[in-house]
Amino acid sequence: MSNGKLADRAMKVAFIGSECYPFIKTGGLGDVMYALPRALLREGCEVRVIMPCYRCIPDRFKERMVWRGSFMMDLTQDGRTYHVGVMESVLDGVTYDFIDNREFFDWGNPYTGLWEDIPKYCYFSKAALAALNFMDWIPDVIHCHDWQAALVPVYLRTLFSVTPVGAARSVLTIHNLRFQGICSIEHLKYWTGLPDYLFDYAVFKVNDREANMFKGGLAYADRITTVSDTYAGEIQTDFYGEGLNSHLSYHREKLKGIVNGIDIDIWNSRTDKLLHAAYGEENALQAKKLNKKALQERLGLAVDEDKFVVGLISRLTDQKGLDLINTIFTEMMDERIQVVILGTGDPRYEDAFRYYESAYKGQVCAYIKYDESLAHQIYAGADALLVPSLFEPCGLTQLIAMRYGTIPIVRETGGLKDTVEPYNEYTGEGNGFTFDRYRADLLLDAVRRAEWLYFEDRGRWDAIVLRDMEKDVSWEHSADLYLKLYGELKG
Ligand code: ADP
């Protein structure tokens, strides 16, 4: 029995967030909203996940939802009321409640633009709490995620404080501080219907004109967590703090870093049906070659198991260090390397990678899509994975890569620093190749060091492959830390 487990009855935890695999996922948040509740369930918690019922959730999931009920809820400053439908689905022991309202959730993928998204998530945060009261399911802890659910702790201590759900404590997790939900004070006042005194510098107010949803949530949450220890420190600095560093330093007593894990049932190279050749440590070195060939065939690259295949699986935004990759791309491309890029995002990066694909036919593939199956095949078939991020709260791709025996090449920031131990050429220890400052020449150097080891000392390279596959990147330890935190809150 883990330390945080309650002897008397199961801890009840409600997760509130804007995306959750397998229903809808655009990034790491979706993975965490899926995997952490399941890990908590294994620890004996009762868990409910509350998320919007977006139109873009595939029909196969919608068909399995059952209607739990509906009610009307007032929302705006002028007292407009909105319909709240609650649809429910149970998947592997976790209950998912989907907040249904076509006016808000019929658009987007699932996000639209801040102007529409702010009303959408004001509505969602309030409706999630109202739904808990409506279902008469009062959690011990409400665990909210990112700016889209950041109003929950504020509503909980204000408009909901004298309702049953007001007895719950709240945790707000920062998955990415870059996105905060900033708009005019009037816009937020209107859509939240929250009292004027909250539009103060201590809570929502940023300047004379603007309010910030995340800022308010951080002020009101009982605890704040973020997804790695290093990022917890970084966000209290000017460079990484995205304008909230002083606010976070002020609240540092309640801030804690807990590193993410990955779901090792989904990310299991032994049972992964999407792979050409499934494998474990005993046959990884051989099977990875077969997967490499299958990947090369699928993507129209020269089929050659001796190439050094470098992958990139990422949202294409400046956060991910793509400027560094652009700067070194031509210099990096020698005849021994192949590069596979999977991602969508900023057109300037999409176009740059498309250009490299045409300039290096058979050597570079830029797959500008979101494709779950190809992601699995790259994790299995590539030799190394690039994650040179400008900032990275935790990062999951380096964890998945290690699990699949693909060596990460990362910048030492946030969770990348906490999860990838640098390869030490003297002792042979370490999990990947790293560089510290955000400089293209340092990234190139890291790629060259990896390439050198791959071609010149394959025995040592293979030892890293096997060591990485054995590294514990599961949720188990982190779930225990969350449980301990919940236990402290419950007192
Ligand atoms: P972030 O949350 O900042 O996007 P993470 O590394 O935490 O980055 O998580 C990214 C997740 O999204 C990983 O599971 C990764 O495999 C997946 N992913 C990112 N881009 C794509 C894509 N184009 N196709 C498939 N999966 C992707």
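Residues numbered from 1 in each chain as written. Predicted model: local features only at pLDDT ≥ 70, side-chain atom pairs only at ≥ 80, totals over all residues. Heavy atoms only, no water.

1. Considering the domain arrangement of the chain
One frequently used descriptor of interface size is the decrease in accessible area upon assembly of the parts.
Thinking step 1. Entries for the chain in the domain assignment read domain 1 (12-261 + 476-490) and domain 2 (281-472).
Thinking step 2. Residue-level contacts link 21 residues of domain 1 with 18 residues of domain 2.
Thinking step 3. Between domain 1 and domain 2, the buried area comes to about 1500 Å², and carbon and sulfur atoms account for 56% of it.
Thinking step 4. In terms of surface lost to domain 2, no three residues of domain 1 exceed Arg 178, Thr 230 and Tyr 240, which account for 27% of the buried area on that side.
Thinking step 5. At the boundary of domain 1 with domain 2, the tally comes to 10 residue pairs in polar contact (both at pLDDT 80 or more).
Thinking step 6. Where the side of domain 1 that touches domain 2 is concerned, the elements lending two or more residues are helix H1 (28-42) and helix H8 (229-234).
Thinking step 7. With 4 residues, H8 is the single largest residue contributor to the side of domain 1 that touches domain 2.
Thinking step 8. For the side of domain 1 that touches domain 2, the class distribution of residues is 7 nonpolar, 8 polar and 6 charged. (Domains from an automatic or database assignment. Contact = heavy atoms within 4.5 Å. Buried area = accessible area lost by both parts, 1.4 Å probe. Polar contact = N/O pair within 3.5 Å; in protein donor to acceptor, adjacent residues only side chain to side chain. Helix = DSSP H or I, 4+ residues; strand = E, 2+ residues; numbered from the N terminus. Nonpolar A, V, L, I, M, F, W, Y, C, P; charged D, E, K, R; others polar.)

2. Focus on the sheet that holds strand S2 (residues 46-52)
Thinking step 1. Read from one edge to the other, the open sheet built from 9 strands follows the order S3-S4-S5-S2-S1-S6-S7-S10-S11, with strand pairing classed as mixed. The sheet is open, and its two borders are formed by strand S3 (66-74) and strand S11 (255-257), each paired with just one other strand. Across this sheet, the average inter-strand angle for adjacent strands is 25°, counted without regard to direction.
Thinking step 2. Relative to strand S5 (residues 94-100), strand S4 (residues 81-91) is paired through 7 bridges, and the arrangement is antiparallel. Bridged to Val 90 within S5 is Thr 95.
Thinking step 3. Across the sheet, helix H18 (residues 476-490) is in contact with strand S1 (12-16), strand S6 (141-145), strand S7 (169-174), strand S10 (223-226) and S11; its angle to S7 comes to roughly 145°. (Pairing = 2+ DSSP bridges. Axes fitted to C-alpha atoms, helices over the stretch in contact; angles between N-to-C directions.)

3. Some words on the environment of Ser 170
Thinking step 1. As for its position among the elements, Ser 170 is in strand S7.
Thinking step 2. A residue is classified by how much of its surface remains accessible, and Ser 170, at 1% relative accessible area, is buried.
Thinking step 3. Each C-alpha atom of the pair Ser 170 and Val 94 lies 20 Å from the other, and the pair is 76 residues apart in sequence.
Thinking step 4. Sequence-distant contacts of Ser 170, that is, excluding residues within four places in its chain, are made with Ile 142, Pro 153, Leu 156, Arg 157, Tyr 220, Ala 221, Asp 222, Arg 223 and Leu 489. (Buried < 20%, exposed > 50% of the residue type's maximum accessible area, 1.4 Å probe, protein only.)

4. With respect to the site of the ligand
Thinking step 1. Lining the immediate surroundings of the ligand are 20 residues, of which Gly 28, Arg 315, Lys 320, Tyr 379 and Leu 396 lie closest.
Thinking step 2. Within the backbone of Lys 369, an N or O atom sits 2.9 Å from a nitrogen atom of the ligand.
Thinking step 3. For the ligand, a nitrogen atom lies 3.0 Å from a polar atom in the backbone of Asp 371.
Thinking step 4. Protein chains bury 93% of the 570 Å² of accessible surface belonging to the ligand in isolation.
Thinking step 5. If you list the elements that add at least two residues to the shell around the ligand, you get H1, helix H13 (372-381) and helix H14 (397-403).
Thinking step 6. Of the residues in the shell around the ligand, the class split is 7 nonpolar, 7 polar and 6 charged.
Thinking step 7. Both domains that furnish three or more residues to the shell around the ligand are identified here as domain 1 (12-261 + 476-490) and domain 2 (281-472). (Near = heavy atom within 4 Å. Areas by Shrake-Rupley, 256 points an atom, 1.4 Å probe, with all protein chains shown as cover.)

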